[in-house]
Amino acid sequence: MNYLSIADWVVITIYLLGIIGLGVWFGKDQKNTRDYFLGSKNIPWWGIGLSIVAAETSALTIIGVPAIAYGSNIAFIQLIIGYVIARLVLAVVMVPHYLKGEIYSPYQLFANAFGTSASRTAGGFFLLSETLAAGVRVYVACIPIQLMLGIQVLPAIVMFVLLSLLYTYIGGVKAVIWTDAVQFGLFLAGGIFTLFFIPHFFTGGFTEVFQIAAQAGKLHWLNTAPPALQGGTFWQVVKWVLEEPMNIWMGIIGGTVMVMSSHGAEQLIVQRVLACKNVRDGRKALCLSAVVVFPLFFIFLLAGVMLWVYFQKFPMLIPIPEPRPGIKANDFIYPIFMLTAVPHYLKGFLIVAILSAAMSSVSSALTSLASVSTMDFVKGFSTKTRSEAFYLSFSKRSTVFWAAILIGVAYLTREVTFVLDAAFKLRGLTSGALLGGLFLAVFWKKGHARPLVLGMVCSLVVMITISPMVQAALPKGWPHLSVSVAFPWYTLIGSVVTLSVTWLANLVMPRPQNPHLRESEASPDKLRVH
């Protein structure tokens, strides 16, 4: 059955044409890599702040966050407290280091402190994790969108990547930031509309909806101590803190460290801060994202609660499709509601909200991958003097290359379940190594590259070993963890391993024979782009 009318398709078409046109308009006149990857450093801080939130908000987030509340409650909001704290810490501590001089990625800080091998390791970790994670995000987002638009998954994958590529290729990061800002407004408006639309189905409006939700425990949000804390051992308490369900310690400690990596050591977000004019603007952009991210997630969690109340009263007119790896049954709830309960025109508008989140995450991945591969791996280590025209041309070709890779990863994910499972875990597996390495690059003045590289590699190995995917695959008789570590703790554990191994290795590893090797490797003239 076709649930979309011509009016809905008109709304969707206008959005797609409009967002591409907007991106091309704002991204015109790209003359060099500074324009292409830093937006000429003339983008206002508020646009960058909104872009930061849009870049981290994928279509799966807009669909999956309501699904979490639908299936349980709004306790996920405890994690968002850590999201806010991390941004404020980064604004105070890290922004001055990002905007001291002019760099194109945080991995140039690794190069300036430790040399090329450390920078290449960090950049390689990012390229690998972001390629797999972004490709999987494309695939998983296309599953419910397939339901909404009535198209096959593979055409949806190609459509999303190519449409995002079009304005990213032409306009670079400036086009991405401005389209992100618009797309943020669209999916925020979609969430607000849902909050005000559902209560009109109930005689008592908001009051009745929240009464039903409260009686069912759907508005419970704070977990401060395990239910069996009284009389429990210390290990039982630790086990409860490390595992699900979401608790306040997981949110404040684990969430803060996790976002300090994603927003401080990964190019996807840091690239936007680097596009700010100065330290003051960089801090304001991060603080704006801190102000906005909490209400954004709160709105979509409340939307999930309201969806639960709605479907207690009204039947689900579309059967929930079969769950797939990476997407649970509840992830289809919001799309089903959009298709069956929302009037035409407005239905098209809500679908546009999902499309905008999907395109924002794709374009952000493309420009960050192209930036690291061009500036850190080609220009950063080239022994030849090449023109800016060459590097700008290479940057655009690199953007096309990564678009093709994302399509390939998304398609491979469709065929091989293991790729999907591995990719979802990989960002958490590398985030601790990147954050620990960044901390050392900024604050440790006595180390050299080999201990840091060893520390980052050991961190990755440890995180792979303790990941639930590997633990489940271990044969009987092999040592298994007695606790299943929840994802918000991955970054903290990985960072501790990186810092510990690097410190110990620095004590026993001999320094390079040539006392000038480290300085020559990390020469600012060679690695820092002016």
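Scope of this entry: the structure provided in the associated data block. Treat the numbers as computed from the prediction; the structure is a model and nothing was measured.

In this section: the overall build of the protein chain. Helix and strand counts for the protein chain stand at 23 helices and zero strands. Taken across its 530 residues, the protein chain has 57% of its residues classed as buried. In the form shown here, the protein chain has an accessible surface area of approximately 21000 Å², with 68% of it arising from carbon and sulfur atoms.

A contiguous nonpolar patch, built from Val 92, Val 93, Phe 439, Phe 443 and Leu 499 and spanning about 420 Å² of accessible area, is present on the exposed surface. Put simply, the parts of the chain that give the nonpolar patch at least two residues each are α5 (77-93) and α18 (417-443). Position of Phe 439 among the secondary structure elements: in helix α18. The class of Phe 439 is partly exposed, set by a relative accessible area of 44%.

Relative to the helices and strands, Thr 131 is located in helix α8 (residues 116-149). Those residues in contact with Thr 131 that lie beyond four places of it in its chain are Phe 126, Leu 369, Trp 402, Ile 405, Leu 406 and Val 409.

One finds Tyr 98, Phe 110, Phe 114 and Phe 337 to be the most contacted residues of the largest nonpolar core, which totals 168 residues. If near-sequence neighbours (up to four positions away) are discounted, Phe 110 is found in contact with Gly 115, Ala 118, Ser 119, Ala 122, Leu 434, Gly 437, Leu 438, Ala 441, Leu 452 and Met 456.

Now for helix α3 (residues 45-56). At 3.6 residues per turn, the α-helix brings residues three or four places apart onto the same side. In this model, α3 (twelve residues) spans 17 Å end to end at C-alpha, consistent with the 16 Å of a helix rising 1.5 Å per residue. Of all twelve residues making up α3, nine are buried, and the element is well covered by its neighbours. Check the buried side of α3 and you find it contacts α5, α9 (153-197), α12 (248-264), α13 (267-274), α14 (279-313) and α16 (346-379).

On to the pattern of salt bridges. Two side chains carrying opposite charge are able to pair once their charged atoms lie near each other. Within this structure, the stated rule accounts for five salt bridges. In this structure, Arg 34 and Glu 102 form a salt bridge, with 3.1 Å as the shortest nitrogen-oxygen distance. Placement of the pair is Arg 34 in helix α2 (residues 33-38) and Glu 102 in the loop between α6 (95-98) and α7 (107-114), with a sequence separation of 68 residues. The class of Arg 34 is partly exposed, set by a relative accessible area of 30%. A relative accessible area of 12% places Glu 102 in the buried class. The partner of Arg 87 in a salt bridge is Glu 56, and the shortest N-O contact between them spans 2.0 Å. Residue Arg 87 is found in helix α5, and its partner Glu 56 is found in helix α3; the two are separated by 31 residues along the sequence. Judged by its relative accessible area of 0%, Arg 87 falls in the buried class.

Quick notes on the rules
Residues numbered from 1 in each chain as written. Predicted model: local features only at pLDDT ≥ 70, side-chain atom pairs only at ≥ 80, totals over all residues. Heavy atoms only, no water. Helix = DSSP H or I, 4+ residues; strand = E, 2+ residues; numbered from the N terminus. Buried < 20%, exposed > 50% of the residue type's maximum accessible area, 1.4 Å probe, protein only. Areas by Shrake-Rupley, 256 points an atom, 1.4 Å probe, with all protein chains shown as cover. Patch = residues over 30% accessible without salt bridge, like charges linked within 9 Å, V, L, I, M, F, W, Y side chains within 5 Å. Salt bridge = Lys/Arg side-chain N within 4 Å of Asp/Glu carboxyl O. Contact = heavy atoms within 4.5 Å. Core = buried A, V, L, I, M, F, W, Y, C linked by side-chain atoms within 4.5 Å. Expected span 1.5 Å × (residues − 1).

Worth remembering: the numbers are spatial, not functional.
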